[in-house]
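# Summary of the model geometry
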Protein chains: 2
Amino acid sequence: MTALSLVNNPIGGDWRRGWIVYDNIMARNRITLDDVARAAGVSAITASRALRQPAKVSERARARIFSAVQKLGYVPDAAASALASTRTSVVGLLVPSLTNAVFADFLRGVYDAIEDTSLTIQIGNFRYSPSKEESLIRTFLHQRPSGLIVAGVDQTEAARRMLMEAPCPVVQTMELSDQPVDRIIGFSQYASGEMVARHLIDAGYRRPGLLGARMDPRAQARIAGYRSGLRTVGLDDARRMITTPQPSSVGMGGQLLADLFAAAPDTDAVFCANDDLAAGALFEAQRRGLRVPESFGICGFNDLEMSRHMVPPLTSVATPRYEIGRGAIDLIRAALDPLSGEMPKRIELDAVMSARGTTRNNKNERTAR
Amino acid sequence: MTALSLVNNPIGGDWRRGWIVYDNIMARNRITLDDVARAAGVSAITASRALRQPAKVSERARARIFSAVQKLGYVPDAAASALASTRTSVVGLLVPSLTNAVFADFLRGVYDAIEDTSLTIQIGNFRYSPSKEESLIRTFLHQRPSGLIVAGVDQTEAARRMLMEAPCPVVQTMELSDQPVDRIIGFSQYASGEMVARHLIDAGYRRPGLLGARMDPRAQARIAGYRSGLRTVGLDDARRMITTPQPSSVGMGGQLLADLFAAAPDTDAVFCANDDLAAGALFEAQRRGLRVPESFGICGFNDLEMSRHMVPPLTSVATPRYEIGRGAIDLIRAALDPLSGEMPKRIELDAVMSARGTTRNNKNERTAR
DNA sequence: CTGTTAGCGCGTTCAC
DNA sequence: GTGAACGCGCTAACAG
C-alpha cells in the first residue's frame, strides 16, 4: 500500500444518497447516546459510563439506561467512539498467507474467541514478505488498534521496534521465543522438528530426507530442529534436503519427491515441512509403486483433517492452530482488562506426534513444546 | 452477538497509558490534516479535497499538498473521516464458514482486489445459520459500511429487506438469481449439478448416487440440478442419495460412502457435493478395493489444488472462487465510483467440468454458467 | 456517583 | 477554485 493510496479515498461516490428507515439502520435519525440518556433521565456521559464501566454507575441509573438501550435499539457508533477515545476496537491480524490450510483453523479460533465481544478483526496478508509485514504493522498502528496479532517472532528490526512501542497489546504466535515483543503463544518449531527426527530414527529409517517449500522462518526452524536431530545420530545428509522458495502445495510435494530421488535414490524416508507437501509425496510414492511405510516412510506436519483419512493414513505432527487463535485473543483481552493484572503473558502449547500408517509404527506418542 | 454485548466495550483497560513517538505512530501529536494544510499554505478543507477529489483543486495547490503529505507522513484518521462523512471504508464480508477450503480462495481474491485501495474488510462468520446471518447484516449495516458482500441468494426475508434498503452497494456471491438484491456475481449451482449428471451418464455409469453434507442452499441447488439431470434419463434413485446436515469433511466422505453401499450396494458412481467428501470417498473406495474408475466413478466439486494430484486424479468441477472474490470487490468499487455509471451489476461466471481419472474419461469438457 | 465543558479530526454547507 | 463555521457522536478531564 503506497502512501498515496492510503489517502486516495474510494468513498467518493454518491451511492444512493438518502437515508433508510428500515430497522433503524440509518444515519439521519440514528439513535444516539443522547437519546438514550434523555430516555433514562440522565446525562450522556452517565449513559456512556453505564455501558463501559457499569460498576461506576448507580444501580438505578444503570437499570434505566439499559432498558432505554433495549427499547430504543441503541447501537454505539464505533467511529465516534474511536475518535473520542483514541482507540478502536479493531484487532489487527497479520498473516503470511491466506491459502495455507493452517490459516483456516487459526482464523476460526480467533473468530470463535471474539464472539460476544465488541472486538473486531482486521486481517493483513503480507505474503511472506517481511517488508510488507513491516508496512502493514505501520498501517495498522496508525489505526489505534486494541491489539495486534502477528505470525512468528522474526519481524524486521524496524517492525520489532514499532511493536515494542505499540500503544496496545501485541501477541506473537505460532512460535516461542525468549525475547518476545510482548505477549506470545505457540509451540517450539525447532523441538517439533527434532521430534520428527527421533520418530523416523526410532522407526528404523536410516537415510532420511526432507522436503520443504516456501521456507518461512517457522519452516526453517522446524527443519533446523529436524536436521539437528538427525545430526546427533550422524544421519544428517545435505544431499537429501530438498527445498524451494516457491509456494507449498500438493503438486509441489510430488515434484520435490521426484527431485529427492533424483539426487539421492536410496533415501528411505522423508519429513515434509507440511501436510500438503506430504500428501503430494505420498501420491507420488504411490505412482512410483513404493511400499509405504515398509521401504519408504513419510511424515508430514500440521495434521490436517484429511491426513488421518488417507491411504495409508499420514503420519504427521498435530499443531494446536485453533488453540493458538483462541489464545491470542484471550491474551489481548486479558491485557486490555484492568482487572487481570496477573494474567500470563506467555502460553506454551504442545505439538504432538501422530504416528500413523506412512511410517513404521513404533507406538510412541511424543510431544514437543 | 446480543444487544448488550454490542455496547459492552472492552476498550476499558488502561493499557500502557502514554504516547509513543516512534515513527510518528501516536495519538498526541499525530500529524493531522491541519498540519498538512499549514505546510502547504492552504486551508484544511482544501487539503481534504486534494486528497479525495484531486480534480477540484488547482494543480499548484495539489502538488504542494501531496508533497506535504509525503514529507510529514500524513495518514488520514479513519475514525474522524467516518464520523464526519457518515461512511466508513469497511466492506462487510459474510461467510458461512471459515473452515471450508473454498473460503480461502475466495478470501484471497477479495484481499487481492482491495490492495492499493483504502477499503478494509470485516469478516462475519454466520456458521450456516440464517438467523445469525440476519443479525450480522444488521450489525454491519449499523457501521455504515462502504459495501456488503454476502454468500448466496437465500437470505431470510428480513435480511433481504435490509439488504435492499442498505445505503451501500450489496453483492451476492457464489450463485446466480433472477431477483438479486443489488449486485451479484457467481455461477449456476443448479446447472453445475446437471453438468455432473451428464458427465456421469456419458461416461456410462447407470446407477449413480450422491454424497452431501452440510446441505447449505448452494449444495442443495447443486444436488437438485444433479438429480434433475439424472431424472431426464430415468436414473434418479432416491435410495442412492445420501446426505447429512453435519459438517462436510474428508472423514465424512468415507462414512457417507459406506452408508451409500449399505443402502444400495450396486451403486456404480457417486457425485460428492465437494472435493473433501470426494477425497474421503476415494480413500474409502481404495480401502474397499474398488476399481476406480472402471467399476466405480467418483466426481467431486470445486476442484481444489490437491484433487488433480490424487491417485487417480479426481474428476471434479472447477469453480471460480478466486474470481468471485475479486469480482465482488470490483462490483463494489464500481458502484462507489461516480464515474462508472454503466458498470455491470451482474457477472456470470463458469464452472468447468474437469474430467480426470476417477471417472471413465469421455474427453468432453463441459461448462455450466 | 454525576454533570459540565471541551474537544477528537475530518467533511459538509455555504459563502466568497 | 477556495475558505469559515459548524457538527458528526462520543469520551477525557475535571468539578461538584
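Look a little higher up for the structure.
In this report, the structure presented in the accompanying data block is examined. Not measured: the values here are computed from a predicted model. (Residues numbered from 1 in each chain as written. Chains lettered and ligands numbered in written order. Predicted model: local features only at pLDDT ≥ 70, side-chain atom pairs only at ≥ 80, totals over all residues. Heavy atoms only, no water.)

What follows deals with the packing of helix H5 (residues 78-85) of chain A against helix H5 (residues 78-85) of chain B. Where H5 of chain A meets H5 of chain B, the closest approach of the two axes is 8 Å, and the angle between their N-to-C directions is 130°. Our classification of the angle between H5 of chain A and H5 of chain B gives oblique. For the crossing formed where H5 of chain A meets H5 of chain B, the hand is left-handed. Where H5 of chain A abuts H5 of chain B, its residues Ala79, Ala80, Ala82 and Leu83 of chain A lie against Ala79, Ala80, Ala82 and Leu83 of chain B. Its residues assigned to classes, the contact of H5 of chain A with H5 of chain B comprises 8 nonpolar, no polar and no charged. (Axes fitted to C-alpha atoms, helices over the stretch in contact; angles between N-to-C directions. Helix = DSSP H or I, 4+ residues; strand = E, 2+ residues; numbered from the N terminus. Parallel < 35°, antiparallel > 145°, perpendicular 65-115°, else oblique. Left-handed = near helix turned anticlockwise from the far one by under 90°. Contact = heavy atoms within 4.5 Å. Nonpolar A, V, L, I, M, F, W, Y, C, P; charged D, E, K, R; others polar.)

With that out of the way, let us pick up the packing of aromatic side chains. Residue and element names in this part refer to chain A. On inspection of all chains with the given rule, the structure shows 8 aromatic pairs over all chains. Taking 4.9 Å as the distance between ring centres and 55° as the angle between the ring planes, the aromatic pair formed by Tyr226 and Phe271 counts as tilted. Highlighted residues: Tyr226 in helix H10 (residues 217-231) and Phe271 in strand S8 (residues 269-272), separated in sequence by 45 residues. Taking the relative accessible area as the measure of exposure, Tyr226 reaches 0% and is therefore buried. (Phe/Tyr/Trp six-rings, centres within 6.5 Å; stacked < 30°, edge-to-face > 60°. Buried < 20%, exposed > 50% of the residue type's maximum accessible area, 1.4 Å probe, protein only.)

Time to look at the protein's contact with DNA strand C. Taken together, 23 residues lie near DNA strand C, and Thr46 of chain A together with Leu33, Ile45, Ser48 and Tyr74 of chain B sit nearest. Within the side chain of Ser58 of chain A, an N or O atom sits 2.7 Å from a phosphate oxygen of DNA strand C. Contacts to DNA strand C include Ala84 of chain A, whose backbone N or O atom sits 3.3 Å from a base oxygen. Only helix H3 (44-52) and H5 of chain A together with helix H3 (44-52) and H5 of chain B provide two or more residues apiece to the surface near DNA strand C. Counting residues per element, the surface near DNA strand C draws most heavily on H5 of chain B, at 4 residues. (Near = heavy atom within 4 Å. Polar contact = N/O pair within 3.5 Å; in protein donor to acceptor, adjacent residues only side chain to side chain.)

This part takes up the nonpolar core. If you look at the biggest cluster of nonpolar residues, it comprises 98 residues, and the most contacted ones within it are Ile123 of chain A together with Ile123 of chain B. Setting aside chain neighbours within four positions, we find Ile123 of chain B in contact with Tyr111 and Ile123 of chain A together with Leu93, Val95, Leu98, Phe103, Leu107 and Phe140 of chain B. Counting 49 residues, the second largest nonpolar core, distinct from the first, contains Ile242 and Leu314 of chain A together with Cys272 and Ala273 of chain B. (Core = buried A, V, L, I, M, F, W, Y, C linked by side-chain atoms within 4.5 Å.)

This part covers helix H11 (residues 250-263) of chain B. Residues and elements named next belong to chain B. Under the 1.5 Å per step criterion, the end-to-end length of H11 is 20 Å for 14 residues, consistent within 8% with the ideal 20 Å. Within the span of H11, buried status applies to Val250, Gly251, Met252, Gly253, Gly254, Leu256, Leu257, Leu260 and Phe261. Structurally, H11 contributes buried residues whose contacts are with strand S6 (208-213), strand S7 (241-244), strand S8 (269-272) and helix H12 (275-287). (Expected span 1.5 Å × (residues − 1).)

Here Val311 of chain A and Pro312 of chain A are connected by a cis peptide whose omega angle stands at -10°. One non-glycine residue, Asp116 of chain A, lies in the positive phi region at around 60°. Accessibility expressed as a relative area gives 48% for Asp116 of chain A, which makes it partly exposed. In this model, Met215 of chain B sits at a positive phi of 35°, which is unusual for a non-glycine residue. Inspection of the secondary structure assignment puts Met215 of chain B in the loop between S6 and helix H10 (217-231).

Here we take up the sheet that holds strand S10 (residues 316-318) of chain A. Residue and element names in this part refer to chain A. As summarised here, the arrangement of the 3 strands in space is S10-S12-S13, forming an open sheet in which the pairing is antiparallel. If you trace the sheet from one side to the other, it starts and ends with S10 and strand S13 (367-368), each paired once. Two strands pair when backbone bridges link them, and strand S12 (residues 351-354) and S13 are joined in this way by 2 bridges, in the antiparallel orientation. Paired with Val352 across the two strands is Thr367, which belongs to S13. (Pairing = 2+ DSSP bridges.)

A few words on the protein's contact with DNA strand D. As a structural note, the neighbourhood of DNA strand D is formed by 24 residues, with Leu33, Ser48 and Tyr74 of chain A together with Thr46 and Ser58 of chain B the closest of them. Among all atoms of DNA strand D positioned within 4 Å of the protein, those belonging to sugar or phosphate total 70%. Leu33 of chain A is positioned such that a nitrogen or oxygen atom in its backbone is 2.4 Å from a phosphate oxygen of DNA strand D. With respect to DNA strand D, the backbone of Ala84 of chain B contributes an N or O atom lying 3.4 Å from a base oxygen. If you list the elements that add at least two residues to the surface near DNA strand D, you get H3 and H5 of chain A together with H3 and H5 of chain B. The element that contributes the greatest number of residues to the surface near DNA strand D is H5 of chain A, accounting for 4 residues.

Looking now at the sheet that holds S7 of chain B. All names here are of chain B. Judged by pairing direction, the sheet is parallel, and its 4 strands sit side by side in the order S7-S6-S8-S9 without closing on themselves. Sheet topology places S7 and strand S9 (297-299) at the edges, where each strand pairs with a single neighbour. In this sheet, adjacent strand axes meet at a mean angle of 15° when their direction is disregarded. Pairing analysis gives 4 bridges linking S6 to S8, with the strands arranged parallel. Bridge pairing in S8 places Pro208 opposite Ala269. Running over the sheet, helix H9 (residues 189-202) touches S6, S8 and S9 and is turned about 160° from S8.

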